[in-house]
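Single-letter residue listing:
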Amino acid sequence: MNMITVLVIIGLVMCCGAVTRLFAQMGASHHHLNSRSDRSVDALDDRFAALSEVHRQAEGELEERVLELEERLDFTERMLANTNVRAVRKTG
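Residues numbered from 1 in each chain as written. Predicted model: local features only at pLDDT ≥ 70, side-chain atom pairs only at ≥ 80, totals over all residues. Heavy atoms only, no water.

Peer 1: When you look at the overall build of the protein in this model, what are you seeing that I'm missing?
Peer 2: A tally of regular secondary structure across the protein gives one helix and zero strands. For 92 residues, the compact-globule estimate of 2.2 N^0.38 gives 12 Å, and the protein exceeds it by more than 25% at 39 Å. The proportion of buried residues among the 92 residues of the protein is 1%. As presented, the protein carries roughly 8600 Å² of accessible surface, and 64% of it is formed by carbon and sulfur atoms. Distance between charge centroids for the protein: 6 Å, based on 11 positive and 14 negative side chains. (Helix = DSSP H or I, 4+ residues; strand = E, 2+ residues; numbered from the N terminus. Rg over C-alpha atoms; globule rule 2.2 N^0.38 Å. Buried < 20%, exposed > 50% of the residue type's maximum accessible area, 1.4 Å probe, protein only. Areas by Shrake-Rupley, 256 points an atom, 1.4 Å probe, with all protein chains shown as cover. Lys, Arg positive; Asp, Glu negative; His and termini not counted. Charge placed at Lys NZ, Arg CZ, Asp CG, Glu CD.)

Spelled out as structure tokens, the structure:
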């Protein structure tokens, strides 16, 4: 082998080493980003579950409040109807 062939082989080995290190860094970076992405998705899932629970509770409380207000309205309407009947009887 002549000197140029040896230098070319050394250059190729160095280049392959650099490319290998670059791909290793890219793989580590990809793994890091992938794990961060997974953690972010898990955090979003947890927040969504918490928000869904709050929504269910608020919806239940709202339904209870609406029923209570409907009962009060019915009571008020009955009282008003009774008052009107009494007023008519007194004047009649």
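Peer 1: Mind showing me how you'd approach a nonpolar patch on the surface here?
Peer 2: A surface patch of nonpolar side chains, amounting to about 510 Å² of accessible area, comprises Met3, Val6, Leu7, Ile10 and Met14. Checked against the element boundaries, Met14 lands in helix H1 (residues 3–91). Owing to a relative accessible area of 57%, Met14 belongs among the exposed residues under this scheme. (Patch = residues over 30% accessible without salt bridge, like charges linked within 9 Å, V, L, I, M, F, W, Y side chains within 5 Å. Salt bridge = Lys/Arg side-chain N within 4 Å of Asp/Glu carboxyl O.)

Peer 1: Please explain the state of the cysteines as it appears in this structure.
Peer 2: Counted under the stated rule, the structure contains zero disulfides. Free of any disulfide, Cys15 has its nearest cysteine sulfur in Cys16, 5.8 Å distant. (Disulfide = S-S within 2.5 Å.)

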